[in-house]
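# Examining the three-dimensional arrangement
What follows is each chain in one-letter form.
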Amino acid sequence: MSNTKLFSLVFVRNPEEILLGLKKRGFGENMWNGFGGKVESGESIIQGAIREVKEECGIIVEDLKKIGILQFQFEGAETVLEVHVFETYQYHGELTESDEMRPKWFNLKEIPFKQMWPDDEYWFPYMLRGELFKGYFLYRGQDLILKHNIETVEEL
Ligand SMILES: Nc1nc(SCCc2ccccc2)c2[nH]cnc2n1
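Numbering of residues starts from 1 in every chain and runs along the sequence as written. Only residues with pLDDT of 70 or above have their local features reported here, since the model is predicted, and side-chain atom pairs are shown and tallied only from 80 upward, although totals for entire chains, interfaces and linings are computed over all residues. Processing note: side-chain calculations cover all non-hydrogen atoms of the structure and skip hydrogens and water entirely.

Runs of E in the DSSP output that reach at least two residues are strands. Runs of H or I that reach at least four are helices, and both are numbered from the N terminus. Across its full length, the protein chain carries 2 helices and 11 strands. Reading the protein chain from its N end, one meets helices and strands in the order β-β-β-β-α-β-β-β-β-β-α-β-β. At 15 Å, the protein chain has a C-alpha radius of gyration in line with the 15 Å of a compact globule built from 156 residues. Each of the three principal axes of the protein chain carries a C-alpha extent, and together these read 40 × 35 × 30 Å. Note on contacts: a residue pair is in contact if any heavy atoms of the two residues lie within 4.5 Å. Put simply, of all contacts in the protein chain between residues at least 6 apart along the chain, 64% involve residues at least 24 apart. All accessible areas in this document rest on Shrake-Rupley with a 1.4 Å probe, and a residue is counted as covered only by the protein chains that are shown. Surface accessibility of the protein chain: about 8300 Å² in total, with carbon and sulfur atoms responsible for 49%. Two residue types count as positive, namely Lys and Arg, and two as negative, namely Asp and Glu; His and chain ends fall outside the count. A charged residue contributes its charge at one atom only: NZ of Lys, CZ of Arg, CG of Asp or CD of Glu. Between the averaged position of the 18 positive side-chain charges in the protein chain and that of its 27 negative side-chain charges there is a distance of 2 Å. Taken over C-alpha atoms, the radius of gyration is set against a globule rule of 2.2 Å times the number of residues to the power 0.38.

This is the structure we're talking about:
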């Protein structure tokens, strides 16, 4: 029986750009990603999301909108990572590099997919079109997607 671990993933946007962070250590090291991490016991997913963004890049995000839920499984491991994906255009504070992440704004036409998780190319288009999505990805290692499905949903 697999167990599920909850994670948050936040994308801060402006009309032309998206804020990504280069992961400097740990899970997903050397890949550009949104900001997030494990939801701790005693906090909501939204609280965990806001906490992780502040820890990882120094800004306070507001008005988070849930845009997707992704489940990741890695061959040979029981745990399912359930990642709740949020976006926002509202934030304040000063963007700051942390031990975890190096933040950088990317033009929406220049998203560095070759240095991101392989699944991102499947679901980023849904996010950029403003469609809600649900997806599942089975990985071998961190490079090879063995199985996947993704769909647009009416509500999350
Ligand atoms: N974009 C993306 N993100 C993640 S993990 C996101 C949640 C997380 C987990 C641990 C530390 C920080 C953030 C992925 N895993 C497999 N494919 C993936 N794609």
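This next bit is on the nonpolar core. To form a nonpolar core, buried Ala, Val, Leu, Ile, Met, Phe, Trp, Tyr and Cys residues must be joined to one another through side-chain atoms within 4.5 Å. For the exposure calls, accessible area comes from a 1.4 Å probe over protein chains only, and a residue counts as buried if that area is under 20% of its type's maximum, exposed if over 50%, partly exposed in between. Core analysis: the biggest nonpolar cluster contains 27 residues, and F11, V85 and W123 have the highest contact counts within it. Counting residues per element, the ones that place at least two in this core are β1 (4–13), β2 (17–23), β6 (65–74), β7 (80–88), α2 (120–129) and β10 (133–140). With near-sequence residues (within four places) excluded, W123 lies in contact with L9, F11, L70, V85, F133, F137 and I150. Counting residues in hydrophobic clusters, the runner-up holds 14 residues, among them L19, V53, L64 and F86.

Time to look at the environment of G21. Among the structural elements, G21 can be located in strand β2. Residue G21 is classed as buried on the basis of its relative accessible area, which comes to 0%. Beyond its immediate stretch of four places on either side in the chain, G21 contacts M31, W32, N33, F35, M101, R102 and P103.

To describe a pair of aromatic rings, you give the distance between the ring centres and the angle between the ring planes. For this analysis, a ring pair means two rings from Phe, Tyr or Trp (six-membered ring only for Trp) whose centres lie within 6.5 Å, classed as stacked if their planes differ by under 30 degrees, edge-to-face if by over 60, and tilted for the remaining angles. Counted according to the given criterion, the structure contains 15 aromatic pairs. Between F113 and F124, the ring centres sit 5.4 Å apart and the planes meet at 85 degrees, which makes this aromatic pair edge-to-face. Taken together, the residues span a long stretch of sequence, with F113 in the loop between β9 (101–107) and α2 and F124 in helix α2 at a distance of 11 residues. Ring-pair connections join several aromatic residues into one group, and the members of that group are F11, F113, W123, F124, Y126 and F133.

Attention now moves to helix α1 (residues 45–57). Every α-helical turn comprises 3.6 residues, leaving residues that sit three or four positions apart pointing alike. Over its 13 residues, α1 extends 18 Å from the first C-alpha to the last, a length consistent with the 18 Å expected when each residue adds 1.5 Å. I45, G48, A49, E52, V53, E56 and C57 are the residues of α1 that are buried. Taken down its axis, α1 places every buried residue within 130 degrees of arc, on the same side. One or two positions beyond α1, positive phi appears at G58, with a value near 85 degrees. To estimate the expected span of a helix, subtract one from its residue number and multiply by 1.5 Å. By construction, the arc corresponds to the directions joining the helix axis to the C-beta atoms.

These values are about where atoms sit, not about what they do.
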